[in-house]
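Given next are the chains, with one letter for each unit.
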Amino acid sequence: MTDIAANPAPVAAAAEPAEVQPPQFRWMSIVPTLVFDAILPVVIFNVLTAYHVPTLYALIGGGVSPLFNNLRTLIKSRRLEPIGVMVLFFLIVGAVTSLISGSVFFALIKDSFLTGTAGLVFLATLFAKRPITFYAMRGFVAGDDPERIAWWDGLWAHHEFRHGMRVVTVVWGGIYLVEAVARVFMALKLTPAQVVMASPIMGFGATALLIVFTSRYMGAMRQRREARLAAGG
């Protein structure tokens, strides 16, 4: 894709048309993920351990639910999303490696490899033409609508928007790295049952904070831009 910032022609088109408004994030949309990735793994783990299934196999059994959820999401969207593919890859590799190693500790920290890699990927894309958050947010804001996609791509012509995308990328990448370290610490200090309970709470808590931060940060940036346009700036 041609970099709009390098071509002055699309700058005028980057002004946001009145009829194009970014959709509001709906918290209800994460309910399926909450059920499959947070609640069911805990239920499955506790049911299996109650029937005296070894801890390692109970942990792997609990991971089937998130694996199914990610497959369901990819099939529903009918397209391969890089982040979704990466999650699936680490879920499968983590489960297989846990079985081969026979290590309960490795099974407990396998999600750390996912969040840690995600954090590094986010930060690494700061050196790319456009950071990963630009494309991730475009999928949410624009979907498959050509008009919305063109509008979102046109925003890249504005310095403040480019700066905002990079700030959001740094925050998401940094939080993911912190979360990865925290998961290892929990595996060292807590029992497997406690880790299974605390891990999704921490993961969803971090994600919720990141969503709130991103929404407010981008909203404030949008308001400043609209104020300048209203003032003729």
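Residues numbered from 1 in each chain as written. Predicted model: local features only at pLDDT ≥ 70, side-chain atom pairs only at ≥ 80, totals over all residues. Heavy atoms only, no water.

A. Quick look at the overall build of the chain. Scanning the chain from terminus to terminus reveals nine helices and zero strands. What you see in the chain, going N to C, is helices and strands ordered as α-α-α-α-α-α-α-α-α. Buried positions account for 36% of the 233 residues belonging to the chain. Contacts in the chain between residues far apart in sequence, at least 24 positions, make up 73% of those at least 6 positions apart. (Helix = DSSP H or I, 4+ residues; strand = E, 2+ residues; numbered from the N terminus. Buried < 20%, exposed > 50% of the residue type's maximum accessible area, 1.4 Å probe, protein only. Contact = heavy atoms within 4.5 Å.)

B. How the structure looks around the environment of Ala107. Locating Ala107 in the fold gives a position in helix 5 (residues 104–124). Note: C-alpha distance between Ala107 and Tyr57 (50 residues apart in sequence) is 9.3 Å. The contact partners of Ala107, leaving out residues within four places of it in the chain, are Leu56, Leu59 and Ser98.

C. Structural detail: the packing of helix 6 (residues 132–142) against helix 7 (residues 146–155). It is the contact of helix 6 with helix 7, at a shortest axis distance of 9 Å, that shows an interaxial angle of 145°. Helix-helix and strand crossings are classified by hand; for helix 6 and helix 7 the assignment is right-handed. Touching Phe134, Met137, Arg138, Val141 and Ala142 of helix 6 are Arg148, Ile149, Trp151, Trp152 and Asp153, all from helix 7. For the contact of helix 6 with helix 7, the per-class residue count stands at seven nonpolar, no polar and three charged. (Axes fitted to C-alpha atoms, helices over the stretch in contact; angles between N-to-C directions. Left-handed = near helix turned anticlockwise from the far one by under 90°. Nonpolar A, V, L, I, M, F, W, Y, C, P; charged D, E, K, R; others polar.)

D. Region of the structure containing the nonpolar core. Counting 19 residues, the largest nonpolar core has Phe134, Trp152, Phe161, Met165, Trp172 and Met218 as the members making the most contacts within it. Listed by contribution, the elements that provide at least two residues to this core are helix 5, helix 6, helix 7, helix 8 (159–189) and helix 9 (192–230). It is helix 8 that contributes the most residues to this core, five residues altogether. Setting aside chain neighbours within four positions, we find Phe161 in contact with Phe134, Trp152, Leu155, Trp156, Met218 and Met221. Ranked by size, the runner-up nonpolar core spans 14 residues in total, among them Ala58, Ala95, Ala187 and Val195. (Core = buried A, V, L, I, M, F, W, Y, C linked by side-chain atoms within 4.5 Å.)

E. Representation of the packing of helix 5 against helix 8 in the model. At their nearest, the axes of helix 5 and helix 8 sit 7 Å apart, and the two run at 165° to each other. Put simply, helix 5 runs roughly antiparallel to helix 8. Once helix 5 is placed against helix 8, the crossing between them reads as left-handed. (Parallel < 35°, antiparallel > 145°, perpendicular 65-115°, else oblique.)

F. Spatial organisation of the side chain of Ser112. Tracing the backbone through its elements, the reader meets Ser112 in helix 5. What Ser112 contacts, discounting residues up to four positions off in sequence, is Thr117, Ala180, Arg183 and Val184.

G. Geometry of a nonpolar patch on the surface. A grouping of Val31, Leu34, Val35, Ile39, Val43, Val47 and Tyr51 is seen on the molecular surface, where their side chains present a nonpolar patch of about 590 Å² in accessible area. Counting through the fold element by element, Val43 comes out in helix 1 (residues 31–50). Residue classification places Val43 among the partly exposed positions, given a relative accessible area of 41%. (Patch = residues over 30% accessible without salt bridge, like charges linked within 9 Å, V, L, I, M, F, W, Y side chains within 5 Å. Areas by Shrake-Rupley, 256 points an atom, 1.4 Å probe, with all protein chains shown as cover. Salt bridge = Lys/Arg side-chain N within 4 Å of Asp/Glu carboxyl O.)

H. Region of interest: the pattern of salt bridges. Across all of its chains, the model carries five salt bridges by this definition. The partner of Arg183 in a salt bridge is Glu179, with the nearest N and O atoms 2.6 Å apart. With Arg183 and Glu179 both in helix 8, this residue pair falls four residues apart, about one helical turn. The salt bridge involving Arg222 is made with Glu226; its shortest N-O contact spans 3.4 Å. Note that Arg222 and Glu226 are positioned in helix 9 at a spacing of four residues, about one turn of the helix. Under the relative-accessibility criterion, Glu226 is labelled partly exposed at 39%. Counted as one network, the salt bridges with shared partners bring together Glu160, Arg224 and Arg228.

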